[in-house]
Amino acid sequence: MRLCFLVEEQYRYDGMPRDVIRQLGAWGHQVDVMWPGRSLIPISESVRAGSHDAWVLKTVSGGPGLTLLEAAAAVGLTTVNDARAIRGVRDKALAAVIARTHGLPVPVTYAAARAEEFAQLPESAFPLVVKPADGSSGRAVRLVESPGRLTGPGAPENAGGLLIAQPYVPNSGTDLKVYCVAGELYATERCSPLHPGAGVPERQVPLTAEVAGIAAEIGAVFGLDLYGVDVLLGPDGPVVVDINDFPSFRQVPDAVARVSAAVLRLAGGGGGNGGNGTGRDRRVPAAAAPPAPETVPLAAIGGDR
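The following refers to the structure shown.

Cut-offs applied
- Throughout, a residue's number is its position along its own chain's written sequence, starting from 1.
- The predicted origin of the model limits local features to residues at a pLDDT of at least 70 and limits the giving and counting of side-chain atom pairs to 80 or more, whereas totals for whole chains, interfaces and linings rest on all residues.
- Each side-chain value is derived from all of the structure's non-hydrogen atoms; neither hydrogens nor water enter the calculation.
- Only DSSP runs of H or I covering at least 4 residues are called helices, and only runs of E covering at least 2 are called strands; the numbering of each starts at the N terminus.
- Burial classes: relative accessible area under 20% of the type maximum marks a residue as buried, over 50% as exposed, and values in between as partly exposed (1.4 Å probe, protein chains only).
- Residue contacts are defined here by distance: any two heavy atoms, one from each residue, within 4.5 Å place the two residues in contact.
- Note on areas: these come from Shrake-Rupley sampling with a 1.4 Å probe, and a residue is covered only by the protein chains present in the view.
- In this analysis, rings of Phe, Tyr and Trp, with Trp reduced to its six-membered ring, are considered paired at centre separations within 6.5 Å, and the interplanar angle assigns stacked below 30 degrees, edge-to-face beyond 60, and tilted for intermediate values.
- Remark: nonpolar core denotes a set of buried residues (Ala, Val, Leu, Ile, Met, Phe, Trp, Tyr, Cys) joined through side-chain atoms within 4.5 Å.
- By definition, two strands form a pair when at least two bridges between them are found by DSSP.
- For helices, the axis comes from a line fit to the C-alpha atoms of the stretch in contact; other axes are also lines fit to C-alpha atoms, and the angle between any two N-to-C directions lies between 0 and 180 degrees.
- Seen with the strands pointing away from the viewer, any crossover whose path from the first strand over the helix to the second strand runs clockwise is right-handed.

Here the focus is the overall build of the chain. Scanning the chain from terminus to terminus reveals 7 helices and 13 strands. Looking at the chain as a whole, 50% of its 305 residues are labelled buried. The long-range share in the chain, meaning contacts at least 24 apart out of those at least 6 apart in sequence, stands at 67%. Summed over all atoms, the accessible surface of the chain reaches about 13300 Å², with 53% contributed by carbon and sulfur.

Summed over all chains, the structure comprises 2 aromatic pairs. Between the aromatic rings of Tyr179 and Phe249, the centroid separation amounts to 5.5 Å while the plane-to-plane angle is 45°, which identifies the pairing as tilted. Of this pair, Tyr179 sits in strand S9 (residues 174-181) while Phe249 sits in the loop between strand S13 (237-245) and helix H7 (255-269), and the two are 70 residues apart along the sequence. Accessibility expressed as a relative area gives 0% for Tyr179, which makes it buried. The buried category is assigned to Phe249, whose relative accessible area is 2%.

Ranked by size, the top nonpolar core spans 33 residues in total, and within it Leu3, Phe5, Leu24, Leu226, Phe249 and Val259 carry the most contacts. Counting only elements with at least two residues in this core, the list comes to strand S1 (2-7), helix H1 (15-26), strand S2 (30-34), strand S3 (54-58), S9 and H7. The element contributing the most residues to this core is H7, with 8 residues. Counting 24 residues, the second-largest nonpolar core is a separate cluster that includes Val89, Val205, Val221 and Ile243.

Next up on the list: the sheet that holds strand S5 (residues 110-112). Taken in spatial order, the 4 strands of this open sheet run S5-S8-S6-S7, and their pairing is antiparallel. Each of the sheet's edge strands pairs with one partner strand only, and the pair in question is S5 and strand S7 (142-144). The mean inter-strand angle of the sheet, taken between neighbouring strand axes irrespective of direction, is 30°. For S5 and strand S8 (residues 163-167), the ladder comprises 3 bridges, and the chain directions are antiparallel. Each residue of the ladder has a partner; that of Ala111, found in S8, is Ile164.

A word on the sheet that holds strand S10 (residues 184-191). Read from one edge of the open sheet, 5 strands run S11-S10-S9-S12-S13, paired in antiparallel fashion. A single partner strand is all that each edge strand has here, and the edge strands are strand S11 (203-205) and S13. Each strand of the sheet is rotated relative to its neighbour by a mean of 30°, with strand direction disregarded. When S10 meets S11, the two strands line up antiparallel, connected through 3 bridges. In the strand pairing of S11, Thr188 is matched with Gln204.

For the rest of this paragraph, the subject is the pairing of S3. Looking along a regular strand, one sees side chains alternate from face to face of the sheet. Along S3, 5 of the 5 residues are buried, which leaves the element largely enclosed by surrounding structure. Every second residue of S3 is oriented toward a common face, with Ala54, Val56 and Lys58 on one face and Trp55 and Leu57 on the other, all of them buried. Inspection of the sheet shows S1 paired to S3 by 5 bridges, in the parallel sense. Directly across from Leu3, in S3, lies its bridge partner Ala54. Bridge count for S3 against strand S4 (residues 79-80) is 2 bridges, and the pairing is parallel. Directly across from Trp55, in S4, lies its bridge partner Thr79. Each parallel crossover has a hand, and for S3 linked through helix H3 (residues 65-74) to S4 it is right-handed.

The following block contains the structure:
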């Protein structure tokens, strides 16, 4: 099988997807790597050639890679995840509307181009969690205690895009990260970025039926196969505060082998083929056997220099 990975410079040395790419190569599959942020890409010819069985994206939310993935989907090529599903979760304002429309437990969400506009909200709406609508990896997330903190030192920053704000959900300082690997769910507990002093060790934890049901419904609503969900256990129950395509899968047992096998399963079954199916029923078994070698060893386009 021949795959194309679109990888942002920021993730060049990360285990996800670097170790997955190496694993696929070790299994005998050919993986071409494109670096959207530092390469000249003959996009019209590379995509139209249709020489890859599937395209896989690992880039920051505002990076150029999603356009390339959408181009592949537009001409009918298989993408992992579905390109439209990725767009739906990377715009956090859009994701909040979609989620609440389907009854998912997502906080009321406000949007503005400038942080000071949130001062129009009543004082009772504070504290607010303010972040870029196209943010990723927890960057630029701010806990704003009162309207007066929307400007000045430490205020939320906007690089020109949209900001979103949600009422703060009281919690223990612990985030629950739920990972989905093509139908298999895993939960990790870790320290909240808003409470770095909580001292919570990152570890795998049991997944309750309620949270598992929410995570599975998110996959169905958005059409995702490989994704992560950030959940807070608030006073009124679980609350979803973020959704990510192709996350780190930290603390997932045998994560590299599981994710690699899932990519192959989805690629071979047409998962996310331009929005024509997510491959959700093609579950990866608990102990996925390495696929049979099919092509030449790993080849990287614009690889390590």
